[in-house]
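One letter stands for each residue in the lines below.
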Amino acid sequence: QVQLVEAGGGWVQAGGSLRLSCAASGRSFSTDTMGWFRQGPGKEREIVAAISWSGGSTYYADSVKGRFTISRDNAKNTVYLQMNGLKPEDSAVYYCAAKSAYGGTWTQKANYNYWGQGTQVTVSS
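Residues numbered from 1 in each chain as written. Predicted model: local features only at pLDDT ≥ 70, side-chain atom pairs only at ≥ 80, totals over all residues. Heavy atoms only, no water.

Draft legend 1. Representation of the environment of K65 in the model. Topologically, K65 is positioned in the loop between β6 (58-60) and β7 (68-73). Sequence separation between K65 and W115 is 50 residues; the distance between their C-alpha atoms is 23 Å. Of note is the side chain of K65, whose polar atom sits 3.1 Å from the side chain of D62. (Helix = DSSP H or I, 4+ residues; strand = E, 2+ residues; numbered from the N terminus. Polar contact = N/O pair within 3.5 Å; in protein donor to acceptor, adjacent residues only side chain to side chain.)

Here it is in structure tokens:
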């Protein structure tokens, strides 16, 4: 059974940091593009960051550029999201997702085939 399991969410004060991880199992995701999405209350799920299979290319939403860093360790079948300078507006459920490297644009959630269950991030002011 293919699974993506997120961890590392929690509560933090504004300006603080969290590191999310997403461990994949069931098959190797070393050739997949991996993404982090988030969904706040009453909002659409939106792309936060994505990374190519090799880690050589990355994408960041404008709202997180310079504060968040996505990385991956293919040997561990794991992708990470380092979040620094957190703001209250970053509060959301964060999801990791996987898509084929040839399966459409990185920013469209419909192109992702596998999803984790999500982890809650809450940033207080």
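Draft legend 2. Examining the nonpolar core more closely. With 27 residues, the main nonpolar core has W36, L81, M83 and Y94 as its most contacted residues. Looking at this core, the elements that each hand over two or more residues are β3 (18-25), β4 (32-39), β5 (46-51), β7, β8 (78-83), β9 (92-100) and β11 (119-124). (Core = buried A, V, L, I, M, F, W, Y, C linked by side-chain atoms within 4.5 Å. Buried < 20%, exposed > 50% of the residue type's maximum accessible area, 1.4 Å probe, protein only.)

Draft legend 3. Expanded view of the state of the cysteines. Under the criterion given, the structure shown has 1 disulfide. C22 shares a disulfide with C96; S-S distance 1.9 Å. Linking C22 and C96, the disulfide has an S-S dihedral of approximately 45 degrees and is accordingly described as right-handed. Of this pair, C22 sits in strand β3 while C96 sits in strand β9; the two residues are 74 residues apart in sequence, bridging distant segments of the chain. For the residue pair C22 and C96, the accessibility class agrees, reading buried in each case. (Disulfide = S-S within 2.5 Å.)

Draft legend 4. Main features of the side chain of R72. Mapped onto the secondary structure, R72 falls in strand β7. Buried charge without a partner: R72 forms no salt bridge, and the closest opposite charge is D32, 6.4 Å away. Among the polar contacts made by the side chain of R72, one reaches the main-chain carbonyl oxygen of D32 at a distance of 2.8 Å. In contact with R72, other than residues within four places in its own chain, are F29, S30, D32, T33, M34, I51, S52, W53, G55, T78, V79 and Y80. (Lys, Arg positive; Asp, Glu negative; His and termini not counted. Salt bridge = Lys/Arg side-chain N within 4 Å of Asp/Glu carboxyl O. Contact = heavy atoms within 4.5 Å.)

Draft legend 5. How the structure looks around the side chain of T119. Within the secondary structure layout, T119 lies in strand β11. The exposure class assigned to T119 is buried, which follows from its relative accessible area of 13%. Within the local environment of T119, its side chain forms a polar contact with the backbone nitrogen of G9, the two atoms lying 3.3 Å apart. With residues near it in sequence (within four places) discarded, T119 still touches E6, G8, G9, L20, A92, V93 and Y94.

Keep in mind these numbers describe shape, not what the thing actually does.
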